[in-house]
Amino acid sequence: KAGVTQTPRYLIKTRGQQVTLSCSPISGHRSVSWYQQTPGQGLQFLFEYFSETQRNKGNFPGRFSGRQFSNSRSEMNVSTLELGDSALYLCASSSGTGATNEKLFFGSGTQLSVL
Amino acid sequence: ELKVEQNPLFLSMQEGKNYTIYCNYSTTSDRLYWYRQDPGKSLESLFVLLSNGAVKQEGRLMASLDTKARLSTLHITAAVHDLSATYFCAVDRAETSYDKVIFGPGTSLSVIP
């Protein structure tokens, strides 16, 4: 079974640009969640999508948005990039049913550098 | 203020020794997670703890949850070098869809042969 796939693996952008990151979940998983990891702020939850609907949201400005497609693939978009957006962006997938032992499976991440 | 704290933040221990990492949180919780992250790598899910008194074990790691004390522990038994990594706890907050998941700062564990 293929794991969670994130593309691209590395990305370099300049301030003011926008960026789109992609996440393909494990087959059959309907929930995709996104996280930002920086040395200063640590790991932070961005949002979760389930069946094409945003189900949960973290404390991030509106520049950060996402969507999920009917095949459960998800994209995350950051507009008007700032230097502080430089981070490792992780996505994770799960069945999303809230089952007792439900675990998240993480992708390898996209390392975004904003210059 | 919503907080998830871990201690210690840095831990250096010898192989064969036992130690416990603590995770305190200040909000009500639906569930508590433990994750492992190797340097330069992604996160790996270790445990999901749902209810008060829950205990889960896998190999040399055992996690427990006390929802009344808002405390979870990750106990390491007879540490081996392969356990060297950063360990994060995360709280999935009950009754909210905003800022729903909060992570601790992580505990960097180094097991010395």
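The structure reproduced in this document is the subject of the present report. Owing to the predicted nature of the structure, the values given are computational and were not obtained by experimental measurement.

1. Focus: the interface of chain A and chain B
At the junction of the two partners, chain A supplies 23 residues and chain B supplies 22 residues. Summed over both sides, the interface of chain A with chain B buries roughly 1,700 Å², with 52% coming from carbon and sulfur. Considering only the side of chain A, the residues that lose the most area to chain B are Leu 43, Lys 103 and Phe 106 of chain A, jointly responsible for 31% of the buried surface there. In this structure, the connection of chain A to chain B is made through zero salt bridges. Among the residues making up the side of chain A that touches chain B, the classes are represented as eight nonpolar, 10 polar and five charged.

2. Some words on the pattern of salt bridges
Residues and elements named next belong to chain A. Considering all chains together, one arrives at eight salt bridges over all chains under this definition. One salt bridge connects Asp 85 with Arg 63, and the closest N-O pair in it is separated by 2.8 Å. Taken together, the positions of Asp 85 in the loop between strand S8 (74-78) and strand S9 (87-94) and Arg 63 in the loop between strand S6 (53-57) and strand S7 (64-68) put the pair 22 residues apart, joining distant regions of the chain. Linking Arg 67 and Glu 75 is a salt bridge whose minimum nitrogen-to-oxygen distance equals 3.2 Å. Salt bridges here are not isolated pairs; linked through shared partners, they connect Arg 63, Glu 82 and Asp 85.

3. Focus: unusual backbone geometry
The linkage connecting Thr 7 of chain A with the following residue, Pro 8 of chain A, adopts the cis geometry, with an omega of -10°. Residue Asn 7 of chain B is joined to Pro 8 of chain B through a cis peptide bond whose omega torsion reads 0°. Notably, Ser 51 of chain A is not glycine yet its phi reads approximately 50°, a positive angle. Along the polypeptide, Ser 51 of chain A turns up in the loop between strand S5 (42-50) and S6.

4. Considering the side chain of Gln 68 of chain A
Residue and element names in this part refer to chain A. Mapped onto the fold, Gln 68 is located in strand S7. Here Gln 68 falls in the buried class, since its relative accessible area comes to 6%. A polar atom in the side chain of Gln 68 sits 3.3 Å from the backbone nitrogen of Phe 50. At a separation of 2.9 Å, a polar atom in the side chain of Gln 68 contacts the main-chain amide nitrogen of Glu 52. In contact with Gln 68, not counting residues within four places along its chain, are Arg 30, Val 32, Tyr 49, Phe 50, Ser 51, Glu 52, Thr 53, Arg 73 and Ser 74.

5. Side note on the environment of Ala 87 of chain A
Residues and elements named next belong to chain A. Tracing the backbone shows Ala 87 in strand S9. Under the relative-accessibility criterion, Ala 87 is labelled buried at 3%. With 10 residues separating them along the chain, Ala 87 and Thr 97 place their C-alpha atoms 29 Å apart. Residues in contact with Ala 87, not counting those within four places in the same chain, are Gln 36, Gln 37, Thr 38, Thr 110, Gln 111 and Leu 112.

6. As for the packing of aromatic side chains
For the structure on display, the rule yields eight aromatic pairs over all chains. Summarising the aromatic geometry, the rings of Phe 47 of chain A and Tyr 49 of chain A are spaced 5.6 Å apart at their centres and angled 70° between planes, so their arrangement reads as edge-to-face. The two residues Phe 47 of chain A and Tyr 49 of chain A agree in class, both being buried. Residues Phe 60 of chain A and Phe 64 of chain A carry aromatic rings whose centres are separated by 5.1 Å and whose planes lie at 65° to one another, so their mutual orientation is edge-to-face. In terms of burial, Phe 60 of chain A and Phe 64 of chain A fall into one category: buried. Feature note: the residues Tyr 35, Phe 45 and Phe 106 of chain A together with Tyr 33, Tyr 35 and Phe 103 of chain B constitute an aromatic cluster, connected by ring pairs. Directly above the aromatic system of Tyr 10 of chain A lies the positively charged group of Arg 9 of chain A, at a separation of 5.1 Å from the ring centroid. In this arrangement the basic side chain of Arg 55 of chain A is found over the ring face of Phe 50 of chain A, its NZ or CZ atom lying 4.3 Å from the centre.

What counts and how
- Residues numbered from 1 in each chain as written.
- Chains lettered and ligands numbered in written order.
- Predicted model: local features only at pLDDT ≥ 70, side-chain atom pairs only at ≥ 80, totals over all residues.
- Heavy atoms only, no water.
- Contact = heavy atoms within 4.5 Å.
- Buried area = accessible area lost by both parts, 1.4 Å probe.
- Salt bridge = Lys/Arg side-chain N within 4 Å of Asp/Glu carboxyl O.
- Nonpolar A, V, L, I, M, F, W, Y, C, P; charged D, E, K, R; others polar.
- Helix = DSSP H or I, 4+ residues; strand = E, 2+ residues; numbered from the N terminus.
- Buried < 20%, exposed > 50% of the residue type's maximum accessible area, 1.4 Å probe, protein only.
- Polar contact = N/O pair within 3.5 Å; in protein donor to acceptor, adjacent residues only side chain to side chain.
- Phe/Tyr/Trp six-rings, centres within 6.5 Å; stacked < 30°, edge-to-face > 60°.
- Lys NZ or Arg CZ within 6 Å of the ring centre and 35° of its normal.

From the geometry alone we can't say anything about function, so treat these as descriptive.
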